[in-house]
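# Topology and contacts: notes
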Amino acid sequence: MPRKVTAVVVAVVAALAVGGSAWFAAGRAGPQPGAAPVPPVVAAPSCDRGEPLVRTLSSGAAWSMCWRVEPDQGLVLDDVRFAPAGHEAVPVLASMTMGQLEVPYDTGLRTTEDITTHGFGGRNLRSLTPTECPGTLRSVVVPDFGDVAVGDGAARPVLCEEVVDGGIAYRSEEGGTALVARKDELRLSTVSKVGWYEYVTQYTFGADGSIRPELGATGDLSPDDYTDDPARGWPVGPGGTDRAASHAHNAVWRLHWALGGRGGQVVEQYDAVPTGEHGPRSPVLDGTLARLKTEQVVTKADRRWWRVARPGLRNADGHPVSYQIDLGPTATFELTADHGHEGAGYDVAFSEASGCQVFASANDDVRCGRGVPDFVADAQPLDDVVAWVAVGFHHVPRDEDQSPMEMHWQGFTLTPRDLVAQRADVPPGREAVNGDVQGEPARHR
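Residues numbered from 1 in each chain as written. Predicted model: local features only at pLDDT ≥ 70, side-chain atom pairs only at ≥ 80, totals over all residues. Heavy atoms only, no water.

Once that is clear, we can look at the pairing of strand β22 (residues 385-395). Judged by how many residues are buried, β22 sits mostly within the fold: nine of 11 residues are covered. In the sheet, strand β15 (residues 247-257) pairs with β22 via 10 bridges, with the strands oriented antiparallel. For R254, the partnering residue across the bridge sits in β22 and is W388. Pairing of strand β21 (residues 348-352) with β22, which is carried by five bridges, proceeds in the antiparallel orientation. Residue A349 lies in a different strand from β22, and its bridge partner there is W388. (Buried < 20%, exposed > 50% of the residue type's maximum accessible area, 1.4 Å probe, protein only. Helix = DSSP H or I, 4+ residues; strand = E, 2+ residues; numbered from the N terminus. Pairing = 2+ DSSP bridges.)

Okay, the sheet that holds strand β14 (residues 243-245) next. The three strands are arranged β12-β14-β13 in an open sheet whose pairing can be described as antiparallel. If you trace the sheet from one side to the other, it starts and ends with β12 (226-227) and β13 (233-235), each paired once. In the sheet, β13 pairs with β14 via three bridges, with the strands oriented antiparallel. Paired with P235 across the bridge in β14 is R243.

Another aspect to go through is the layout of surface pockets. By volume, the largest pocket amounts to about 860 Å³. Of all the secondary-structure elements, those providing two or more residues to the lining of the largest pocket are β3 (62-70), β4 (74-83), β5 (90-104) and β15. Of the residues contributing to the lining of the largest pocket, the split by class is 13 nonpolar, nine polar and 11 charged. (1 Å grid on protein atoms, 1.4 Å probe; cavity = no way out; pocket = protein on both sides within 12 Å on 5 of 7 lines; lining within 4 Å. Points joined across faces, edges and corners; volume = space filled by probe spheres on them. Nonpolar A, V, L, I, M, F, W, Y, C, P; charged D, E, K, R; others polar.)

Turning our attention to the confidence of the model for the protein. Within the protein, residue pLDDT values average 87, and 87% of them lie at 70 or more. Across the protein, β21 holds the top mean pLDDT of 98, while helix α1 (residues 22-25) sits lowest at 36. (pLDDT = per-residue confidence, 0-100.)

Right, let's talk about the state of the cysteines for a bit. All chains considered together, the criterion is met by three disulfides. Covalent S-S linkage joins C133 and C160, the inter-sulfur distance amounting to 2.2 Å. One disulfide, between C133 and C160, carries an S-S torsion of 85 degrees and so falls in the right-handed class. Of the two residues, C133 sits in the loop between α2 (114-118) and β7 (136-143) while C160 sits in strand β8 (residues 153-174), which places them 27 residues apart along the sequence. No difference in accessibility class separates C133 from C160, as the two residues are buried. Across the disulfide, C356 is cross-linked to C368 (sulfur-sulfur distance 1.4 Å). Its S-S torsion of approximately -85 degrees makes the covalent link between C356 and C368 left-handed. Of this pair, C356 sits in the loop between β21 and α3 (372-375) while C368 sits in the loop between β21 and α3; the two residues are 12 residues apart in sequence, bridging distant segments of the chain. Across this residue pair, the class does not change: C356 and C368 are buried. Take the cysteines of the protein that form disulfides and number them in order along the sequence; they join up as 1-2, 3-4, 5-6. (Disulfide = S-S within 2.5 Å.)

The next thing to look at is the side chain of E162. Note that E162 resides in strand β8. No salt bridge is formed by the buried E162, whose closest oppositely charged neighbour, R187, lies at an N-O distance of 5.0 Å. The residues contacting E162, other than those within four sequence positions of it, are C133, P134, G135, E185, L186 and R187. (Lys, Arg positive; Asp, Glu negative; His and termini not counted. Salt bridge = Lys/Arg side-chain N within 4 Å of Asp/Glu carboxyl O. Contact = heavy atoms within 4.5 Å.)

Going through the model one piece at a time under the given rule, you end up with eight aromatic pairs. A centroid spacing of 5.9 Å and a plane angle of 45 degrees characterise the contact between W257 and Y323, whose relative ring orientation is tilted. Placement of W257 in strand β15 and of Y323 in strand β20 (residues 320-327) is noted, with a sequence separation of 66 residues between them. With centroids separated by 5.5 Å and ring planes inclined at 40 degrees, the aromatic side chains of F375 and W388 adopt a geometry described as tilted. Pair noted here: F375 is in helix α3 and W388 is in strand β22, with a separation of 13 residues, a long-range link. Each member of the pair, F375 together with W388, is buried. (Phe/Tyr/Trp six-rings, centres within 6.5 Å; stacked < 30°, edge-to-face > 60°.)

As paired strands, strand β16 (residues 266-278) and strand β19 (residues 304-315) are joined by six bridges and run antiparallel to one another. Directly across from V266, in β19, lies its bridge partner A309. Here six bridges tie β19 to β20, and the two strands are oriented antiparallel to one another. Each residue of the ladder has a partner; that of W306, found in β20, is I325. What sits between the antiparallel neighbours β19 and β20 is a turn of four residues, in which G318 has the positive phi angle 85 degrees.

All right, on to the side chain of N363 then. Assignment of secondary structure puts N363 in the loop between β21 and α3. Looking at N363, the relative accessible area reads 5%, which means it is buried. At a separation of 3.0 Å, a polar atom in the side chain of N363 contacts the main-chain amide nitrogen of V358. Of note is the side chain of N363, whose polar atom sits 3.0 Å from the backbone nitrogen of F359. (Polar contact = N/O pair within 3.5 Å; in protein donor to acceptor, adjacent residues only side chain to side chain.)

Applying the stated rule across the entire model yields one cavity of 30 Å³ or more. Taken as a whole, the largest cavity holds about 30 Å³ of empty space. If you trace the largest cavity, you find it lined by Y105, L221, S222, D225, A244, A245, H247 and P397. For the lining of the largest cavity, the per-class residue count stands at five nonpolar, two polar and one charged.

Let us now look at the pattern of salt bridges. Evaluation of the coordinates by the stated rule reveals 20 salt bridges. Among the salt bridges present, the one from D401 reaches R398, with a minimum N-O distance of 3.6 Å. Judged by its relative accessible area of 38%, R398 is partly exposed. A salt bridge links R423 to D425, with the nearest nitrogen and oxygen atoms 2.8 Å apart. By relative accessible area, R423 is classed as partly exposed at 34%. Look at D425 and you get buried, because its relative accessible area is 16%. If you follow the salt bridges from partner to partner, you end up with R49, R68, E70 and D78 in one network.

Listed below in structure tokens is the structure:
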């Protein structure tokens, strides 16, 4: 089937095909502050598997990647690159996909592993219509199971590509004049039906370089999971009857990092901790970055986040380029398959990339371990980094979930940190604002 580039390709640059752009080779990111903006340099990716996709947003920023569908994970995105306005493309991720979705019921009577047992691809991947997708529908051959060599398959419209309004990008008012702009975002989504639930796998790519992986759930409450125990369910019928069992949606995403190319990545944890001291107006906190040198699991805490950085790759200010992992609301959990592992619960885990470590639990190739606790058990040094991001949602049913239930969402954000020396789309008049404009760095003005 012929490959179609889904948006304007600004330029095809051979240097992007493998090792990144020219300014990556030089170890610095983009033009110096105040330089005249130039169009982003974006190449149609050379996809060994899947279909190429390139989209330029209204700010001038652009995204490129390859997309494909696998029987278990469903949507998989490979070779994800971001080009800020006026800069060449930055390799960000080698791949991004779902690593597991577990749905355990509070009654203890049932757990489903929807990725490895049922799968988000194959027959479970739904064909979309303009109702689900007011944007562009993308088709690909979807096997009924396995691959086309062992089963039937057909080309179906399964990927929705939209450019959506992202709200206010910035607003700054000085001297009675407001500098303000809105932003748009690239949104990719698929729909998978597993049992009574229907799941929306969604990735939103911002003009600022951010990425929001999300999982939406709708469909119907399982008619097989009701309980008489008020501690384990909520009445959705008249009076105190028909208690739908409470349950969790435990989702894990697998992110294989490739900032500037595979390897050479480091992981750091940031914590801001109260010192016990108080200044004249507020408490005093100390912020620290700690290097996580080996494979391990980590848990969330107040004022804590993690970043994956490329120390040898620096922006025009000389700062290492990195991406920050920001967890939204999440219920920390242990996957049922991980029970019995000491310290199995985690919010994020970092492992060294291995081709056979595919699923966060119920991993097919047991020689590589059954899941994340096994993957990190040998504490290898981190260089070619995979992040396993776990986001839980505890669903206590309500009357409004009938029928079908309103979509509920869970996910997180990947935020660029020091990818470029200024914001990704510097507005006119602010090109020279870089650093403390009231202190010594004001010389840039």
